[in-house]
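# Structural overview for review
Chain by chain, the residues:
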Amino acid sequence: MLRGRTLGSAVAALAGSPALGRARLHCGCRTLSDTCAPQPKPASEGLLAEASPGLGWRSRFDHRSLPFSAFLTDSFGRQHSYLRISLTEKCNLRCQYCMPQDGVKLTPRTQLLTTEEIVTLAGLFVREGVDKIRLTGGEPLIRPDVVEIVARLHQLENLKTLAVTTNGINLAKLLPSLKEAGLNLLNVSLDTLVPAKFEFITRRRGFHKVIEGIDKAIDLGYNPVKVNCVVMRGLNEDELLDFVNLTATKPLDMRFIEYMPFDGNKWNFKKMVSYQEMLGVIRQRWPELQKLPSGDSGTAKAYKVPDFQGQIGFITSMSEHFCGSCNRLRLTADGSLKVCLFGNTEVSLRDALRSGATEEDVLEIVGAALSRKKKQHAGMFSLSQMKNRPMILIEGDPAATPAIQQPLVKGLPPAPRGRWFGNAGLPHGGVPLPPSGGGGWALGLGPRAHSTQGGGARRGGPAGGEDPVAPGDREEAPGRLTHVDERGGAAMVDVSRKPESWREAVAQATVRLGDQAFRLVRDNQLRKGDALATAQLAGVCAAKLTSQLVPLCHTVPLHRIQVSLDLDQARLAAIITATCGAHGRTGVEMEALVAASLAALTLYDMCKAVTHDIVVEDVKLLSKTGGQGGDFHRGPESPLTPN
């Protein structure tokens, strides 16, 4: 349908679709001090020549004979061959997940890395084994000398990939020069295909400039053009299918990123849409979706719709971390090295350079920092409570208190921070989430016994993050609380290493109606309407929303939901039975219990105008199957009878 069109025309065509229509209302010399001191203008002889092998600057410790530099290998054997360099803290957008609403405190210009320092440090890392560098921000393309930096980095021997992540506002104008300078990989951030929503998310205009930049990248032969989309519940999760559809005729790699917590972005687990939930929604539309092989250190779980030109991927930092294959280091605009995006400790390579450190000294500092890198980052709830830089001060990918810094050289304190960078724009707030639709219902066993079945991906809360200690490694076991950490705080259980299997659960609730309400329900004579049908639909909807209602529940793509209501004449009661099933890593008993409970409450609500003498009771799990904890079946006499 969109074949042969530019991305701009494709977006325009999609803008007429019902989904987007609804969405409209709703980012030789080993001493470096002389050459690395802040320069008012570029030195006549750049450090690139000094730092290049064969041009007079070699490390006293030449590790190139080793398989990989020991300085860039951590205690878990991870080899760090990928360096992300932030060129600036400034940005021309104010994305809600990246920039705190009150702005960020910018570092004084004299405390930022100069061009010479960037090239010097990059050259050092490349000689030790880094073969990929990505330039980030803030917004890297607003730095005046970005083309010069790209050109100089491109000359580094053994650097295979030179990439940039940009918001796309200045891309169309600068990309021809950047390509000529040596830029060979491109990521563009775009969180919506609706111009009005773009302005809401970014607090700025510029949607059409971003689309123009992506089209320019395709015209210049970038293949693929990676497009990063941070998916947030109630804001843009309704556009998943529209983004996927863009890959039908364009060489795009759409990358859906789970919403991550950073200082000032008001992270809330209810806003996070997990990888499994997104995948379930997309597979409903394209059941033939194929999983693609991923590289050893790849961050994205890659998929492709057969016969589509492009592909999609999921960055699952929250629900299924990829710490075990992490090969990334980050250099902030003020010269601090972060060995983990979610870590709150840093070391200042800038201070080391400006204090006269040798190449050997800098490498020792880097090696010491990597030796302290943890096996994995904390879980999502722990991360949301940790002090870390706002995303804008780390890199401008997907979000204010300065991070904890560790000065490297005695007597050199962390760099002072300067003026506030405000953010005028649209008022901060949320876009209302439309109610989830429930499945249909059908008449079943007898004239007033109903059952309803539904399926599909649930639009619930987050999947579990991982804590570096006990909560992430605990198995669910009888007699042990798995949802608390050592200090008694709430902690979501990590399920990423559990095997996938079929899980099913059955729950039940009883509503004692009394004589009058029972007769009206049985005869369908309530003034509010069909109470049983309404309660069934409520149960289905509740099952889908369990992880939004119960904070530490994982999001599960449900494949089966069945809710039935049977009338018991002898007890003047309605017996509600809810069955939920899914193929996944965690059980669905909470989904079944929530479905039965909400159906019972809905029945109470339908009947309360007749009488308030209604009792909701005996909410219980009847059975669960699948999972490492074994099966459970409630016996007819014993209150708890594990299998």
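The rules behind these values
- Residues numbered from 1 in each chain as written.
- Predicted model: local features only at pLDDT ≥ 70, side-chain atom pairs only at ≥ 80, totals over all residues.
- Heavy atoms only, no water.
- Helix = DSSP H or I, 4+ residues; strand = E, 2+ residues; numbered from the N terminus.
- Buried < 20%, exposed > 50% of the residue type's maximum accessible area, 1.4 Å probe, protein only.
- Areas by Shrake-Rupley, 256 points an atom, 1.4 Å probe, with all protein chains shown as cover.
- Contact = heavy atoms within 4.5 Å.
- Disulfide = S-S within 2.5 Å.
- Salt bridge = Lys/Arg side-chain N within 4 Å of Asp/Glu carboxyl O.
- Axes fitted to C-alpha atoms, helices over the stretch in contact; angles between N-to-C directions.
- Left-handed = near helix turned anticlockwise from the far one by under 90°.
- Nonpolar A, V, L, I, M, F, W, Y, C, P; charged D, E, K, R; others polar.
- Pairing = 2+ DSSP bridges.
- Parallel < 35°, antiparallel > 145°, perpendicular 65-115°, else oblique.
- Expected span 1.5 Å × (residues − 1).
- Phe/Tyr/Trp six-rings, centres within 6.5 Å; stacked < 30°, edge-to-face > 60°.
- Lys NZ or Arg CZ within 6 Å of the ring centre and 35° of its normal.
- Core = buried A, V, L, I, M, F, W, Y, C linked by side-chain atoms within 4.5 Å.
- Patch = residues over 30% accessible without salt bridge, like charges linked within 9 Å, V, L, I, M, F, W, Y side chains within 5 Å.
- pLDDT = per-residue confidence, 0-100.
- Right-handed = clockwise from strand over helix to strand, strands pointing away.

The next point concerns the overall build of the chain. When helices and strands are counted, the chain shows 19 helices and 22 strands. Out of the 643 residues in the chain, the part that is buried amounts to 57%. Approximately 26400 Å² of the chain is accessible, and the part contributed by carbon and sulfur atoms is 54%.

This part covers the environment of Leu329. Mapped onto the elements of the fold, Leu329 is located in strand β11 (residues 328-331). Sequence separation between Leu329 and Ile85 is 244 residues, and the spatial gap between their C-alpha atoms is 8.6 Å. Setting aside residues no more than four positions away along its own chain, Leu329 makes contact with Leu72, His80, Tyr82, Leu83, Arg84, Phe125, Leu337, Lys338, Val339 and Leu370.

So, about the state of the cysteines. Across all of its chains, the model carries zero disulfides by this definition. Unpaired in terms of disulfides, Cys326 finds its nearest cysteine sulfur in Cys340, a separation of 6.7 Å.

It is worth spelling out the pattern of salt bridges at this point. Taken as a whole and judged by the stated rule, the model has 21 salt bridges. Through salt bridges that share partners, Glu116, Glu148 and Arg152 make up one connected network.

Take the packing of helix α17 (residues 531-544) against helix α19 (residues 589-607) next. Two elements in contact, α17 and α19, have axes separated by 7 Å at closest approach and are oriented at 145°. Between α17 and α19 the crossing geometry is right-handed. Across the interface between the two elements, Ala531, Leu532, Thr534, Ala535, Ala538, Gly539, Ala542 and Ala543 of α17 pack against Glu591, Val594, Ala595, Leu598, Ala599, Thr602, Leu603 and Met606 of α19. When grouped by side-chain class, the residues that make up the contact of α17 with α19 number twelve nonpolar, three polar and one charged.

Let us now look at the pairing of strand β9 (residues 300-304). Of all five residues in β9, four are buried; the element is thus mostly enclosed. Pairing between strand β8 (residues 290-291) and β9: two bridges, direction antiparallel. Bridged to Lys291 within β9 is Tyr303. Here β9 pairs with strand β10 (residues 311-315) via four bridges, running antiparallel. Bridge pairing in β10 links Ala302 to Gly313.

It is worth spelling out the packing of helix α5 (residues 115-127) against helix α13 (residues 359-371) at this point. The geometry of α5 relative to α13 is characterised by a closest axis approach of 11 Å and an angle of 70° between their N-to-C directions. As judged from the angle between their axes, α5 and α13 are roughly perpendicular. Of the residues in α13, those in contact with Leu121, Leu124, Phe125 and Arg127 of α5 are Glu359, Val362, Leu363 and Val366.

In this model α13 runs 18 Å from its N-terminal to its C-terminal C-alpha over 13 residues, within 8% of the 18 Å that 1.5 Å per residue would give. Listed as buried for α13 are Glu359, Glu360, Val362, Leu363, Ile365, Val366, Gly367, Ala369 and Leu370. Against α5, β11, β12 (336-338), β13 (345-348) and α12 (349-354) lie the buried residues of α13.

Under the criterion given, the structure shown has six aromatic pairs. For the ring pair Phe256 and Phe314, a centre distance of 5.9 Å and an interplane angle of 40° mean the geometry is tilted. Of this pair, Phe256 sits in strand β7 (residues 252-258) while Phe314 is found in strand β10, placing the two residues 58 residues apart along the sequence. This pair shows no difference in class: Phe256 is buried, exactly as Phe314 is. Each residue in the set Phe243, Phe256, Tyr275, Tyr303 and Phe314 is aromatic and connected to the rest through ring pairs, giving one cluster. Its guanidinium or amino end placed over the ring of Tyr275, Lys301 lies 5.5 Å from that ring's centre, counting from NZ or CZ.

Tracing the backbone shows Val244 in helix α10 (residues 240-246). Through-space distance from the C-alpha of Val244 to that of Gly313 is 9.9 Å; in sequence the pair is 69 residues apart.

Moving on, we get to the nonpolar core. Grouped burial of nonpolar side chains is what soluble globular proteins tend to show. In terms of nonpolar packing, the biggest core is built from 102 residues, with Ile133, Leu190, Ile214 and Phe256 touching the most fellow members. Sorting elements by how many residues they give to this core places α5 first, with seven residues. With near-sequence residues (within four places) excluded, Phe256 lies in contact with Cys229, Val231, Leu240, Phe243, Val244, Met278, Ile282, Ile312, Gly313, Phe314 and Ile315. In terms of nonpolar packing, the next biggest core, distinct from the first, is built from 37 residues, Leu513, Val556, Ala578 and Ala592 among them.

Of note, the bond from Gly137 into Gly138 is cis; its omega dihedral lies within 30 degrees of zero at 10°. Its location among the elements puts Gly138 in the loop between β3 (132-136) and α6 (146-154). Here the residue pair Asn223 and Pro224 is connected by a cis peptide bond, since its omega of 5° sits within 30 degrees of zero. Here Pro224 lies in the loop between α9 (207-219) and β6 (225-231). Of note, Asn158 is a non-glycine position whose phi angle comes to about 80°, a positive value. Of note, Asn158 is situated in the loop between α6 and β4 (161-166). By relative accessible area, which is 56% here, Asn158 ends up exposed. Within the chain, Asp307 stands out as a residue other than glycine whose phi angle is a positive 75°.

Looking now at a nonpolar patch on the surface. On the surface, a nonpolar cluster with roughly 390 Å² of combined accessible area is contributed by Leu549, Leu598, Leu601, Val616 and Val619. Going through the elements one at a time, α19 and β21 (615-625) are the ones with two or more residues in the nonpolar patch. Locating Leu598 in the fold gives a position in helix α19.

This part covers the confidence of the model for the chain. On average, the chain scores 75 in pLDDT, and the residues at 70 or more come to 67%. Between residues 377-394, whose pLDDT stays under 50, and residues either more than four places distant or in other chains, the model counts 100 contacts. Here residues 396-479 is a poorly scored stretch, pLDDT under 50, and it has 312 contacts once near neighbours within four places are set aside; other chains count.

Attention now moves to the pairing of β4. Regular strands place side chains that alternate from one sheet face to the opposite one. The element β4 is largely enclosed, with a buried count of five among its six residues. Strand direction decides the pairing type here: β4 and strand β5 (residues 185-189), joined by four bridges, are parallel. Bridging from a neighbouring strand, Ala163 pairs with Leu185 of β5. At this point the chain moves from β4, through helix α7 (residues 171-181), to the parallel β5, and the crossover so formed is right-handed.

By the secondary structure assignment, Gly234 is in the loop between β6 and α10. Using a relative accessible area of 11% as the deciding quantity, one classes Gly234 as buried.

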